Amino acid sequence: MYKGFRLGKSEAWYASPIVQLLMVAMVCFLCPGMFNALTGLGAGGQVDPGAQNDANTALYSTFAVVAFFSGTVTNLFGVKPTLAFGALGYCIYAASFLSYNHNENRGFVVFAGAFLGICAGLLWTAQGTIMMSYPSEDKKGRYISWFWIIFNLGAVIGSLVPLGQNINATGSSAVNDGTYIGFIVLMLVGAALALLLCNASNVIRHDGTKVILMKNPSWKTEIKGLAETITLAPWVILLFPMFFASNIFYTYQLNDMNLQFNTRTRTLNSLLYWTSQILGASVFGYALDITRFRRSVRAKASLVVLFSLTFVIWGGGWAWQRLQVPREVLEAPDSTHRRIDWTDGGEKYIGPMFLFMFYGFYDAAWQTCIYWYMGALSNSGRKAANLAGFYKGIQSAGAAVFWRLDGLKTPFNTIFGVTWGLLAAALLFAAPVIWLKVKDTVTAEEDLKFSDETITDVVTTKDAAKEAV
């Protein structure tokens, strides 16, 4: 567990933060990454978006409830079993669309979405705990960036599969069975990989410190800790609008905007979207770790950049959206409207292609900054689990609302406008926290107040840990 080996220019070991982060990134590469590729097809690879809308409403509704308490579950049972169980839901979700291709059993798709909501709440909380609490303060941006790159490579590679299988689908049709079977197999591999993680209590950082946890967790202590995350720092609530807005744009971008294109062009758009996320995560992850500037300065600068991108990119998005056909024309059963193909070129396709790429870049920037802000507020694994649970729960509540709006056939322009407005408002609410509460460092003594451990429990060496094991 603590035998060193070279990883790039530095030494690593199995129970080091970087190895554990890369492993959880591979789990998300194979599970949520493939889910994103499936979602990026538009309508879950179907022609009628109704089944996916209903499934995603169920998914994010259960996700919102479960994730709110998933920090308690993660702290009690540990990140490894929580992550492994959470990965199983993705396999069942992909299988439901394979079934739908043959029997159009919407009930199974909705059930799979609801079950995935339970599983995803657990998986993403365990993942967030690892990503925010394992690295040292000077490496959190890079670790978030590395995770986001690997995770989105899953969606990129996952998008290549349906692109190759549907490259001649110039009309609008459901993807074939092979696409769904490929997703199912890869997701099962991801669930198995989660079982190979080590326990958080065994992780040792390069500086000899361990992750701050509870030595003797119980339902009582963790429910109390869940409440204390809010009561001891009530200003955290100002981040909740940013949490809420962090997934709402997927409904417009991946379902509404992408349905303006035919099947093969939707798969290409999906590929470009997730590829752009890799660029966005790289730029923001490394920028947030520039040690030339104090962490508090970096936090303020990132907020200003996010606010600027919100108006530049979404302003360009409105210039395109206002010229598109309305929902009732696009989704009419007897519609003769020709959907956009990549061969159309010029303003017809090249413009929205780049817009789709900028949307992907923006998504990665938003998510990277949120995780970095939360990681800057605490280095405690226990508190990180609760913050991650709040984040994913509130994020999913926002997604559930917008998938439901889409299911109710809300006009595209309305969904676009509300999404843009909420993103801008969320940054205004978060500004006081980012401006005043992100400090240049958080001491171990401060983090230990949220635990039953002492300083001697979290300062060790690899050799001492090896002897203890």
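To start, this report covers the structure provided alongside it. Everything quoted here is computed from the prediction, not taken from an experiment.

Observations concerning helix H14 (residues 346–377)
So, point 1. Spanning 32 residues, H14 covers 46 Å between terminal C-alpha atoms, matching the ideal 46 Å at 1.5 Å per step.
So, point 2. In terms of residue burial, H14 counts as a mostly covered element, since 24 of its 32 residues are buried.

Structural notes on the side chain of threonine 368
So, point 1. Tracing the sequence through the fold places threonine 368 in helix H14.
So, point 2. Judged by its relative accessible area of 0%, threonine 368 is buried.
So, point 3. For threonine 368, the residues in contact, after removing those within four places along its chain, are Ile144, Ala281, Phe284, Gly285 and Leu288.

Some details on the environment of glycine 393
So, point 1. Of note, glycine 393 is situated in helix H15 (residues 381–407).
So, point 2. Along the primary structure glycine 393 and valine 66 are separated by 327 residues, whereas in three dimensions their C-alpha atoms are 7.0 Å apart.
So, point 3. Ignoring any residue separated from it by four or fewer positions in sequence, one finds glycine 393 in contact with Phe63, Ala64, Ala67 and Phe68.

What about the packing of H15 against helix H16 (residues 412–436)?
So, point 1. Between H15 and H16, the least distance of the axes is 11 Å, while the angle of their chain directions is 165°. Taken together, the axis directions place H15 and H16 in an arrangement best described as roughly antiparallel. The hand of the H15/H16 crossing is right-handed. Contacts between H15 and H16 involve Phe402, Leu405 and Asp406 from the former and Ile415, Val418, Thr419 and Leu422 from the latter.

Some thoughts on the packing of aromatic side chains
So, point 1. On inspection of all chains with the given rule, the structure shows 40 aromatic pairs.
So, point 2. Measuring from ring centre to ring centre gives 5.2 Å for tryptophan 148 and phenylalanine 151, while their planes differ by 70°; the resulting arrangement is edge-to-face. Within this pair, tryptophan 148 and its partner phenylalanine 151 are both found in helix H6 (residues 140–165), separated by three residues, close to a single helical turn.
So, point 3. Overall, the relative accessible area of 5% leaves tryptophan 148 in the buried class.
So, point 4. Pairing phenylalanine 261 with tryptophan 320 gives two aromatic rings, centres 6.3 Å apart and planes at 5°, and the pair type is stacked. Pair noted here: phenylalanine 261 is in the loop between helix H10 (249–257) and helix H11 (263–287) and tryptophan 320 is in helix H12 (residues 295–321), with a separation of 59 residues, a long-range link.
So, point 5. Residue tryptophan 320 is classed as buried on the basis of its relative accessible area of 11%.
So, point 6. A cation over a ring is seen here: lysine 392 above tryptophan 124, with NZ or CZ 4.4 Å from the ring centre.

Rules behind the numbers
Residues numbered from 1 in each chain as written. Predicted model: local features only at pLDDT ≥ 70, side-chain atom pairs only at ≥ 80, totals over all residues. Heavy atoms only, no water. Helix = DSSP H or I, 4+ residues; strand = E, 2+ residues; numbered from the N terminus. Expected span 1.5 Å × (residues − 1). Buried < 20%, exposed > 50% of the residue type's maximum accessible area, 1.4 Å probe, protein only. Contact = heavy atoms within 4.5 Å. Axes fitted to C-alpha atoms, helices over the stretch in contact; angles between N-to-C directions. Parallel < 35°, antiparallel > 145°, perpendicular 65-115°, else oblique. Left-handed = near helix turned anticlockwise from the far one by under 90°. Phe/Tyr/Trp six-rings, centres within 6.5 Å; stacked < 30°, edge-to-face > 60°. Lys NZ or Arg CZ within 6 Å of the ring centre and 35° of its normal.

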